[in-house]
Structure formats: C-alpha cells, structure tokens
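Examination of the molecular architecture
If you want the building blocks of each chain, they are given just below.
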Amino acid sequence: MRKRNNRVSVRFTDEELAYFKSLVERTGLSTEEYLRQVVKGIVPRDSPPADYYKMMRQLYHVGNALNQIVQKVHVLNIMDVQRYDRAMAEFEQTVRNITEAVILPQMK
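Residues numbered from 1 in each chain as written. Predicted model: local features only at pLDDT ≥ 70, side-chain atom pairs only at ≥ 80, totals over all residues. Heavy atoms only, no water.

**Some remarks on the layout of surface pockets**
Here the largest pocket defines a volume of roughly 720 Å³. In this structure, the largest pocket is lined by 16 residues; those nearest its centre are Asn6, Arg7, Val8, Glu32 and Leu35. If you tally residues by element for the lining of the largest pocket, the top one is helix H2 (residues 31–39), at five residues. Across the lining of the largest pocket, the residue classes tally to six nonpolar, four polar and six charged. (1 Å grid on protein atoms, 1.4 Å probe; cavity = no way out; pocket = protein on both sides within 12 Å on 5 of 7 lines; lining within 4 Å. Points joined across faces, edges and corners; volume = space filled by probe spheres on them. Helix = DSSP H or I, 4+ residues; strand = E, 2+ residues; numbered from the N terminus. Nonpolar A, V, L, I, M, F, W, Y, C, P; charged D, E, K, R; others polar.)

**Some thoughts on the nonpolar core**
Residues Tyr52, Met56, Val70, Tyr84, Met88, Phe91 and Val95 constitute the largest nonpolar core, which totals seven residues. For this core, the secondary structure elements donating two or more residues are helix H3 (52–76) and helix H4 (81–102). By residue number, the principal contributor to this core is H4, which donates four residues. In this view, Tyr84 contacts Leu66, Asn67, Val70 and Met79; residues no more than four positions away in its chain are not counted. (Core = buried A, V, L, I, M, F, W, Y, C linked by side-chain atoms within 4.5 Å. Buried < 20%, exposed > 50% of the residue type's maximum accessible area, 1.4 Å probe, protein only. Contact = heavy atoms within 4.5 Å.)

**Let's talk about the side chain of Thr27**
In this fold, Thr27 is placed in helix H1 (residues 14–27). Look at Thr27 and you get buried, because its relative accessible area is 1%. In this structure the side chain of Thr27 is engaged in a polar contact, spanning 2.7 Å, whose partner is the backbone oxygen of Val24. (Polar contact = N/O pair within 3.5 Å; in protein donor to acceptor, adjacent residues only side chain to side chain.)

**Here we look at a nonpolar patch on the surface**
The grouping of Val8, Val10, Phe12 and Leu17 at the surface amounts to a nonpolar patch, some 380 Å² of accessible area in total. Structurally, Val8 is set in the segment before H1. (Patch = residues over 30% accessible without salt bridge, like charges linked within 9 Å, V, L, I, M, F, W, Y side chains within 5 Å. Areas by Shrake-Rupley, 256 points an atom, 1.4 Å probe, with all protein chains shown as cover. Salt bridge = Lys/Arg side-chain N within 4 Å of Asp/Glu carboxyl O.)

Here's what the structure looks like:
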C-alpha cells in the first residue's frame, strides 16, 4: 500500500510554470520532493556545483596529509602540538561548514 495516496493539482500560467520548473531544476530534486520540502517549511537550496564533490575530495586529501604529518610530529615531539591540533580542528570545522552550506539537508 502506498504511503502517499493523496494528489494535489495546481494551475499555473505559462510564466509561473516556467519559473517553478527553473526553481525545481536548480535544486536537483523531483517536483514532488521540492513541494514536500516547501510544505515542511524548508526552503530548498540550489544543488552544489558540478565540481563540488571533486573539491571536497581534494580538501579531504589535504586534511589526510596534514594528519599523517602530525602523527610523525607527535612521535618526534618537535612541534607545538596544541597549536597544530587547534588548526586541524578548525580545518575539520571548515569542511563541515562548507558541506552544510552547500548540500541540501534532505540529500544527505
């Protein structure tokens, strides 16, 4: 049995329909999911740029390289470990902020 049995019909002018379709297309969502989010009070955001995931992978690679460096530094004990740890925490928070700002919450 279907969970969603109710149908809603809406009439638009040609201009309204074109504008609505452009809004939906920019999010990458289906028309139905777009409307469900709007009904829930969520304003759907545009989908991330095509190269977003590539950039995030590169950013994670940099973070991984930094983490490997710090592991060696901890062993040799020749660096201000607290300062580096703060910098790494800031890097990780930046990645989270970028992700939260760009990706739609429902696409996670």
